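Summary of the model geometry
Each chain, written out:
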Amino acid sequence: MSDPVKVCVIGAGVSGLCMLGMLKKYQDQGRPVSITCYEKQDVILGLWNFTWRTGMDKTGEPVHASQYRDLFSNGPKEAIEFPDYTYEQHFGKAIPSFPPRSVLQDYLRGYFNHLGVGEKDVLLSHSVQSVTYCEKTKKFTVTALNLSNGNDKATAVSDVFDYCVVSIGHFSIPNVPEFPGLDTFPGRVMHSHDFRNAREFAGQRVLTVGNSYSGEDMMLQTKKFGAKGGTISYRSKSTGFNWPEGIDERPLVSKFDGNTAHFSDGSSGEYDAVILATGYLVHIPFMEWEYRLQCPTILNVPDLYRGVLWSPLSEGKKSADNRLFYIGMQDQWYTFTLFQLQAVWVAQAIKGIKEIPSVEDCHAEITHWTGTNPEVTSCPYKAIQSQTDYLLRLQADTGFEGQFDAHKQFFDWKKSKVDVAEYRNKAYPSPTTGTMAPVHSTPWMDLMDDGIDAYINAA
């Protein structure tokens, strides 16, 4: 038997753990592999961990997670259900469609236990500092800081690998715009990445800049827990939702004057707090520039064949000879199942189970799909269908069994969101089992307990 090829996986969130799980699933097929996974946090599951910390963590690294108290899923769980491990299988019964973070985290731990991967497979508290590629040897040198004993006792560790999989996500480095006068705003100003508890805004009027998922949810959360209300400021167009009394939408802020925000339509309002729900940056500072993915958050990502294999067309970027992969770097409607199928594709490629097309064919496909971005992103239903089709292409490539098409659940959910405070009171069927979820006994706006036991028992 040949010596195993060495594989480096960077990040042990959902995408990284899917990668470990799928390499293990195919361990008896193709070439043998030896895997090292680096994770800068001291726990697995990446963004799905709650921390009170903001800014820097206890080791001086930027805080990765952006979860907050009372966070509930903002999309139906059925659309992100692993077909080989359903929610009903995990909890022993059907549960409502919009669970809190604690329930989703428990489900994820259950799935990865099902795959046989966990903390034992990860070098925790190891922050990758640099990744370089040698064109001559076709190997990566990865250097990480071992922060297990704290920053003051950190030690550098380096190793050489045949393959590298970057699975760090793109929801941890805030995109923070500048507005005239915001520096003298007298109240609280934060990015949504630092939002931890809606209760602190009780009695206040809140301005949320950005009307995508974070902005809409944080506005609802603050209202739910006692805020007087507030405004959602949008860049391109209004959501058109029916908001609870006291909440309105206005076009983008043009400037601040004291606690008064002036908007581009000439209107103004007074606020006690500002939340910048302005998105995140794709930020991979440890990767050597020639091999670093650089792009906005977009549906079809440049320089990645099938959305995962580094095959660059961008000026100045270099090939890594089909040995570098990125997982979960797209704008996402699907999440868990997208990461799962991407990990299957990458695992089969690394192990030699799947043949990779020629460079010319890879580049032609990248050019085709990135060219569709303006059209498919012009309408959310087109975007959902586009990403559904993408998952089905990955499934066709790999032969991985399961029901991955959840476009009906997404379409129905999208339509229901016009009543934005009520959509979490709906129920959806599992794509895998067909079981219809029950409706929770308490409407979401009245549901003040985000604990797993209370939620499951009320199902």
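The following paragraphs examine the structure supplied in this document. Because the structure is predicted, anything quoted here is derived from the model rather than measured. (Residues numbered from 1 in each chain as written. Predicted model: local features only at pLDDT ≥ 70, side-chain atom pairs only at ≥ 80, totals over all residues. Heavy atoms only, no water.)

Below, the discussion takes up the overall build of the protein. Looking only at helices and strands, the protein has 10 helices and 17 strands in total. Dimensions along the principal axes, computed over C-alpha positions, put the protein at roughly 70 × 50 × 45 Å. Out of the 459 residues in the protein, the part that is buried amounts to 54%. Relative to all contacts within the protein whose residues are 6 or more apart in sequence, the contacts with residues 24 or more apart total 68%. Total accessible area computed for the protein in this model is approximately 18,800 Å², and 49% of it derives from carbon and sulfur atoms. Positive and negative side-chain charges in the protein, numbering 43 and 53 respectively, have mean positions lying 1 Å apart. (Helix = DSSP H or I, 4+ residues; strand = E, 2+ residues; numbered from the N terminus. Buried < 20%, exposed > 50% of the residue type's maximum accessible area, 1.4 Å probe, protein only. Contact = heavy atoms within 4.5 Å. Areas by Shrake-Rupley, 256 points an atom, 1.4 Å probe, with all protein chains shown as cover. Lys, Arg positive; Asp, Glu negative; His and termini not counted. Charge placed at Lys NZ, Arg CZ, Asp CG, Glu CD.)

Tallying each qualifying case throughout the model produces 31 aromatic pairs. Each member of the aromatic cluster is reached from another via a ring pair, and the members are W48, F82, Y85, Y87, Y107, Y111, F112 and F336. The ring of W289 carries the charged tip of K317 above its face, separated from the ring centre by 3.7 Å. Over the aromatic face of Y423 sits the side chain of K417, whose NZ or CZ is 5.3 Å from the ring centroid. (Phe/Tyr/Trp six-rings, centres within 6.5 Å; stacked < 30°, edge-to-face > 60°. Lys NZ or Arg CZ within 6 Å of the ring centre and 35° of its normal.)

On to the layout of surface pockets, then. The volume enclosed by the second largest pocket comes to roughly 330 Å³. Around the second largest pocket sit 16 residues that line it, and Q41, D42, T51, R53 and D57 are the ones nearest its centre. Partitioned by chemical class, the residues of the lining of the second largest pocket number 5 nonpolar, 6 polar and 5 charged. (1 Å grid on protein atoms, 1.4 Å probe; cavity = no way out; pocket = protein on both sides within 12 Å on 5 of 7 lines; lining within 4 Å. Points joined across faces, edges and corners; volume = space filled by probe spheres on them. Nonpolar A, V, L, I, M, F, W, Y, C, P; charged D, E, K, R; others polar.)

This brings us to helix α4 (residues 213-224). The terminal C-alpha atoms of α4, which comprises 12 residues, lie 16 Å apart, in line with the 16 Å expected from a rise of 1.5 Å per residue. Most of α4 sits out of view: 9 of its 12 residues are buried. Listing the buried residues of α4 in full gives G215, E216, D217, M218, M219, L220, Q221, T222 and K224. Along its buried surface, α4 packs onto β8 (205-209), β9 (229-234), β10 (247-251) and β14 (273-276). (Expected span 1.5 Å × (residues − 1).)

With that out of the way, let us pick up the sheet that holds β8. What the 5 strands build is an open sheet, ordered β7-β14-β8-β9-β10; its pairing is parallel. Whereas interior strands pair on both sides, the edge strands pair on one side only; in this sheet they are β7 (188-191) and β10. Ignoring which end each strand starts from, the neighbouring axes of this sheet average 20 degrees apart. Here β7 runs beside β14; their pairing, made up of 4 bridges, is parallel. (Pairing = 2+ DSSP bridges. Axes fitted to C-alpha atoms, helices over the stretch in contact; angles between N-to-C directions.)

Below, the discussion takes up unusual backbone geometry. Of note in the backbone geometry, D70 takes a positive phi value of approximately 65 degrees without being a glycine. Looking at the element boundaries, D70 is found in the loop between β2 (33-38) and α2 (87-91). Even without glycine at this site, S125 takes up a positive phi of about 55 degrees. Note on placement: S125 falls in the loop between α3 (101-115) and β3 (126-134).

Moving on, we get to helix α8 (residues 380-398). With 19 residues, α8 ought to run about 27 Å at 1.5 Å a step, and its terminal C-alpha atoms sit 27 Å apart, in line with that. By the burial criterion, the buried members of α8 are A383, I384, S386, Q387, T388, Y390, L391, R393, L394, Q395 and T398. The secondary structure elements touched by the buried residues of α8 are α5 (336-350), α6 (359-371), α7 (373-376) and α9 (407-416). G399 occupies a position one or two residues after α8 and carries a positive phi of about 75 degrees.

Another aspect to go through is the environment of T51. Mapped onto the secondary structure, T51 falls in the loop between β2 and α2. Once the C-alpha coordinates of T51 and L115 are considered, the two residues, 64 residues apart in sequence, prove to be 26 Å apart. Contact partners of T51, with chain neighbours within four places excluded, come to V63 and R196. A distance of 3.0 Å separates the side chain of T51 from the backbone nitrogen of R53, its partner in a polar contact. (Polar contact = N/O pair within 3.5 Å; in protein donor to acceptor, adjacent residues only side chain to side chain.)

The next point concerns the nonpolar core. Counting residues in hydrophobic clusters, the biggest one holds 85 residues, and the most contacted among them are M19, F112, V165, F325, F336, W345 and V346. Those residues within four positions of M19 in sequence are excluded, and the remaining contacts are V9, V165, I327, A343, V346 and A347. In this structure, V128, F140, C164 and A320 belong to the second largest nonpolar core, which totals 26 residues. (Core = buried A, V, L, I, M, F, W, Y, C linked by side-chain atoms within 4.5 Å.)

On to empty space enclosed by the protein. Summed over the entire model, instances satisfying the criterion amount to 4 cavities of 30 Å³ or more. The computed volume of the largest cavity comes to approximately 170 Å³. As for the largest cavity, its lining consists of 15 residues, of which N300, V301, G307, W369 and Y390 are closest to the centre. For the lining of the largest cavity, the secondary structure elements donating two or more residues are α6 and α8. Grouping the amino acids of the lining of the largest cavity by side-chain chemistry returns 6 nonpolar, 6 polar and 3 charged.

As enumerated under the stated definition, the model contains 15 salt bridges in all. A salt bridge links K382 to E375, with the nearest nitrogen and oxygen atoms 2.3 Å apart. On the basis of relative accessibility, which here comes to 45%, the residue E375 falls in the partly exposed class. Residues joined by salt bridges that share partners form a network here, namely R306, E365 and D397. (Salt bridge = Lys/Arg side-chain N within 4 Å of Asp/Glu carboxyl O.)

The next point concerns the pairing of strand β1 (residues 5-10). Every regular strand shows the same layout, with side chains that alternate between the two sheet faces. β1 sits mainly inside the fold: 5 of its 6 residues count as buried. Bridging between β1 and β2 involves 6 bridges; their strand directions are parallel. By the bridge assignment, I10 is partnered in β2 with Y38. Sheet analysis places β1 next to strand β6 (residues 163-166), joined by 4 bridges and oriented parallel. In the sheet register, V7 faces β6, and the bridge partner there is Y163.

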